[in-house]
Amino acid sequence: MHGAADARGRHRRLRPTAGHGAARIAATLPESVLLEHSRLRAWIEPDRLLPGAYQLIVDGTPQSHVNTLDPTDLTYEYVRRMAHVIDLMRPPGLALTAVHLGAGALTLPRYVEATRPGSRQQVIELEERLVELVRQSLPWHPASIRVRYGDARATLGRLPAGLRGTADLVVVDVFRGARTPAHVTSREFYAEVKTLLAQGGVVLVNVADGPPLRFARAQAATVQSVFTAACALAENSVLKGRRFGNIVIAASDAALPLAGLPRLLASGAYPAKAVVGAEFARFAAAPVTTDSNAVPSPEPGHLFGG
């Protein structure tokens with residue numbers, strides 16, 4: 001499944017409460033689907049503030065936001081930061097070959113298709129019922145985005161041989177509910193991801209963590225151990241460990257497309273920064289995660305006792 005975040009890139013849980021919000025959620029639940037593998041419930045509800053926009057909710061956690069009238073309108077800040085990198089990595093409008101690990105409501109694949117028509121995109125998603133829910137409620141052009149079902153890591157090894165070494169972009173945004181499974185956080189996993197990349201290709205990883213950022217720092221160290229260049233994109237309050245949020249790690253074996261990125265990051269509703277060079281090395285001064293010591297990302301509520 002796709003990453004979980006609110007409009008600031010911050011995890012939040014939707015719990016039934018008294019009043020209008022509870023009635024809205026309760027009215028949606030009968031139309032939810034039970035996901036086969038995670039055994040969590042998923043549903044789609046309209047954005048009350050934005051006509052034509054919808055949220056995918058899994059187990060009470062927002063997973064994706066889609067504006068069906070304008071796929072380039074990205075509400076979640078961490079998704080917008082990923083889009084900034086995608087915009088800068090190749091000349092505008094040039095089609096890409098992309099692999100997305102984790103589907104959600106296909107927010108980023110829709111964005112890539114809208115901004116780079118004709119892109120060749122593969123989406124890998126474990127939960128077939130989730131994709132069918134999204135397909136029925138928020139359909140997309142079937143010829144431009146292909147979905148494969150299966151575990152993200154296991155399916156990597158079954159992708160067509162012709163795809164290896166051809167991906168301009170790989171997005172790693174795998175969540176089970178509000179947590180990233182351990183087996184897609186290790187050095188061995190990222191080494192497998194690396195085999196997909198074309199020369200100059202970029203990997204974007206969505207990491208969710210809170211104070212004291214042990215998981216995020218370990219992920220930065222792990223990605224850095226596999227790729228030549230890496231950086232992190234996030235709000236200062238998240239980077240300083242003041243609150244739970246999303247940190248995007250970008251990596252490549254070539255120079256990252258950083259020209260113009262600070263200006264784009266600073267222009268958002270919640271300004272962010274790019275952590276690069278020596279600052280990133282300090283942030284990534286943590287043990288590398290391997291298959292032998294990998295753990296899931298932390299549960300947001302656990303960090304705050306909720």
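Everything quoted here is computed from the prediction, not taken from an experiment. In every chain, residue numbers begin from 1 and rise along the written sequence. Note on the predicted model: pLDDT of at least 70 is required for a residue's local features to be given, and 80 or more for side-chain atom pairs to be given and counted; whole-chain, interface and lining totals, by contrast, use all residues. The side-chain quantities take in all heavy atoms of the structure and omit both hydrogens and water.

*Asks:* It is not clear to me how the pattern of salt bridges should be interpreted in this structure. Could you clarify?
*Replies:* Pairing is possible between side chains of opposite charge, provided their charged atoms come close. A side-chain nitrogen of Lys or Arg and a carboxyl oxygen of Asp or Glu constitute a salt bridge if their distance falls within 4 Å. Tallied over the full model, the rule gives ten salt bridges. Salt-bridge contacts for K194 lead to D253; the nearest nitrogen and oxygen are separated by 3.0 Å. Here the residue K194 occupies a position in helix 6 (residues 187-194), and D253 occupies one in the loop between strand 11 (245-252) and helix 9 (261-266), the gap between them amounting to 59 residues. Classification of K194 by relative accessible area gives partly exposed; the value is 28%. One continuous salt-bridge network, built from bridges that share partners, spans E77, R80, R81, E235 and R243. Going along the chain from the N terminus, every DSSP run of H or I of four or more residues is numbered as a helix, and every run of E of two or more is numbered as a strand. Relative accessibility decides the category of a residue: with a 1.4 Å probe and only protein chains considered, values under 20% of the type maximum give buried, values over 50% give exposed, and everything between is partly exposed.

*Asks:* It is not clear to me how unusual backbone geometry should be interpreted in this structure. Could you clarify?
*Replies:* With glycine set apart, most residues show a phi of negative sign, and most peptide bonds adopt trans. Omega for the bond connecting P211 with P212 falls within 30 degrees of zero, at 10°, which places this linkage in the cis form. Following the sequence through the fold, P212 ends up in the loop between strand 9 (197-209) and helix 7 (214-226). Unusually for a residue other than glycine, D59 sits at a positive phi of about 55°. Classification of D59 as partly exposed rests on a relative accessible area of 33%. If you check the backbone angles, L106 has positive phi at about 60° while not being a glycine. With respect to the secondary-structure elements, L106 resides in the loop between strand 5 (97-101) and helix 3 (107-115). Classification of L106 as buried rests on a relative accessible area of 0%.

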